[in-house]
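Structural overview
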Amino acid sequence: MKILFIGDICGSPGRQTVGEVLPKLRKQKGVDLVIANVENIAHGKGITEKTLREVMSYGVDFMTSGNHVWKKPGFEDILESDFPIIRPLNYPDDLPGKGYGEVDLGKKGKLLILNLLGWGGMNERTISEPFREIDAFLRSINPKDYSGILLDIHAESTAEKVSMGAYLDGRVSSIIGTHTHIPTADERILPKGSTYITDVGMTGPLNSVLWVDSDIIIQQNMYPYSPSYEIVEDGPMRFDSVILEVENPCKGQKIERLNKIL
Ligand code: FE2
């Protein structure tokens, strides 16, 4: 199974970039499944039905998220519906949504997709410790039920993501980092065979801080008072992704980074 994983799609500039790049890329690379992190898809924070449907119309099949998934009204209905979207597994069970989802592509195989939130620097009081959480989850399933298992580890700390890679090497096919919006150049096959990258990056405005107007973030660093976040709507856009090949629940076959500037 050939999978394209797209880094955090940020607001309407990110959605438009997906619309420009994905339909052609999907055909060109012969991709079977497109997964994207969408926690910032609606004006830079949160999800809405309209924005999710827009990227699905360009060819996104399944979506992961993170700590911003709760930021727009209506998230409960979306996460509780049969929309192909998951939220991090280590939030409490009484919150809407699930931390895992399956995609069955028939002869191409069945993929289990997991989403987990990092611990360090996230300021999320309600999450549980991610290493024990994912360990318990993986013990509760039979890996042989799947032809691939992919984890989106949405975390701030590079060390935590590298540690998660080492912890899950040989237990899942791929460990894919998101959240910092900065693509890392460390994609590789780990010693026990899982494919890994610390951060896929983002899809949205290049000349910004994550997606926010740089002047606003500079002011935020310099003054205790500062304007609210505004998304950069124009200028060059980046499209950050990885292409993965998966045929085994505990091993990845290939990982290739694909970063474009438009
Ligand atoms: Fe995030």
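Right, let's walk through the structure included here. This one's a predicted model, so the numbers in the text were calculated from it and none came from an experiment.

For the protein chain, the count of helices and strands is 6 helices and 13 strands. Here the C-alpha radius of gyration of the protein chain, 17 Å, is about what a compact globule of 262 residues would show, namely 18 Å. If you line up the protein chain on its principal axes, its C-alpha atoms span 50 × 40 × 35 Å. Classification of the 262 residues of the protein chain by burial places 55% in the buried group. Summarising the internal contacts of the protein chain: among those between residues at least 6 apart in sequence, 67% fall at separations of at least 24. Counting only carbon and sulfur atoms, one obtains 49% of the accessible surface of the protein chain, whose full area is about 11,600 Å². In the protein chain, which carries 29 positive and 36 negative side-chain charges, the distance between the mean positions of the two groups comes to 6 Å.

Remark: helix 4 (residues 130-140) packs on helix 5 (residues 158-168), axes separated minimally by 11 Å, with the N-to-C direction vectors making an angle of 25°. As judged from the angle between their axes, helix 4 and helix 5 are roughly parallel. Crossing of helix 4 against helix 5: the hand is right-handed. Of helix 5, the residues touching helix 4 (which contributes Pro130, Phe131, Ile134, Asp135 and Leu138) are Glu160, Ser163, Met164, Tyr167 and Leu168. When its residues are assigned to classes, the contact of helix 4 with helix 5 shows 7 nonpolar, 1 polar and 2 charged.

Moving on, we come to unusual backbone geometry. A positive phi angle, near 110°, is found at His179, a position not held by glycine. Among the structural elements, His179 can be located in the loop between strand 8 (174-178) and strand 9 (188-189). The buried category is assigned to His179, whose relative accessible area is 10%. Phi angles above zero are rare outside glycine, and His181 is one such case at about 70°. Relative to the assigned elements, His181 resides in the loop between strand 8 and strand 9.

With that settled, consider the packing of helix 1 (residues 11-29) against helix 2 (residues 49-58). Describing two packed helices takes the angle between their axes plus the distance from one axis to the other. One way to put it is that helix 1 packs onto helix 2 with a least axis distance of 8 Å and a crossing angle of 15°. Accordingly, the angle class assigned to the pair helix 1 and helix 2 is roughly parallel. Where helix 1 crosses over helix 2, the handedness of that crossing is right-handed. Contact with helix 1, carried on its side by Arg15, Val18, Gly19, Leu22 and Pro23, involves Thr51, Glu54, Val55 and Tyr58 of helix 2 and no other residues of that element. Looking at the contact of helix 1 with helix 2 residue by residue, the classes come out as 5 nonpolar, 2 polar and 2 charged.

Because an α-helix packs 3.6 residues into every turn, residues spaced three or four apart end up facing the same way. Buried within helix 5 we find Glu160, Lys161, Met164, Gly165 and Leu168. When helix 5 is viewed along its axis, its buried side chains cluster within an angular range of 145° and face the same direction. Of the residues that open helix 5, the one with a side-chain oxygen 3.3 Å from the backbone nitrogen of Ala159 is Ser157. Immediately downstream of helix 5, the backbone of Gly170 shows phi near 85°, a positive value.

Once that is clear, we can look at helix 1. The end-to-end C-alpha distance of helix 1 is 25 Å, a good match for the 27 Å that 19 residues give at a rise of 1.5 Å each. Where helix 1 bends most, at Val21, the angle is about 35°, and the proline Pro23 comes one to four residues later. Listed in full, the buried residues belonging to helix 1 are Gly11, Pro13, Gly14, Arg15, Thr17, Val18, Val21, Leu22 and Leu25. Positive phi shows up at Gly30, right after helix 1, with a value of about 60°.

Counting residues in hydrophobic clusters, the biggest one holds 32 residues, and the most contacted among them are Leu4, Ile6, Val38, Ile47, Leu52, Val60 and Ile85. With 4 residues, the top contributor of residues to this core is helix 1. Beyond its immediate stretch of four places on either side in the chain, Val60 contacts Ile6, Val18, Leu22, Val34, Ala36 and Val55. Formed by 19 residues, the second largest nonpolar core is a distinct cluster that contains Leu151, Met164, Ile175 and Leu190.

The rules behind these values
Residues numbered from 1 in each chain as written. Predicted model: local features only at pLDDT ≥ 70, side-chain atom pairs only at ≥ 80, totals over all residues. Heavy atoms only, no water. Helix = DSSP H or I, 4+ residues; strand = E, 2+ residues; numbered from the N terminus. Rg over C-alpha atoms; globule rule 2.2 N^0.38 Å. Buried < 20%, exposed > 50% of the residue type's maximum accessible area, 1.4 Å probe, protein only. Contact = heavy atoms within 4.5 Å. Areas by Shrake-Rupley, 256 points an atom, 1.4 Å probe, with all protein chains shown as cover. Lys, Arg positive; Asp, Glu negative; His and termini not counted. Charge placed at Lys NZ, Arg CZ, Asp CG, Glu CD. Axes fitted to C-alpha atoms, helices over the stretch in contact; angles between N-to-C directions. Parallel < 35°, antiparallel > 145°, perpendicular 65-115°, else oblique. Left-handed = near helix turned anticlockwise from the far one by under 90°. Nonpolar A, V, L, I, M, F, W, Y, C, P; charged D, E, K, R; others polar. Arc of directions from axis to C-beta. Polar contact = N/O pair within 3.5 Å; in protein donor to acceptor, adjacent residues only side chain to side chain. Expected span 1.5 Å × (residues − 1). Bend = angle between axes of the 7 residues up to and from the residue. Core = buried A, V, L, I, M, F, W, Y, C linked by side-chain atoms within 4.5 Å.

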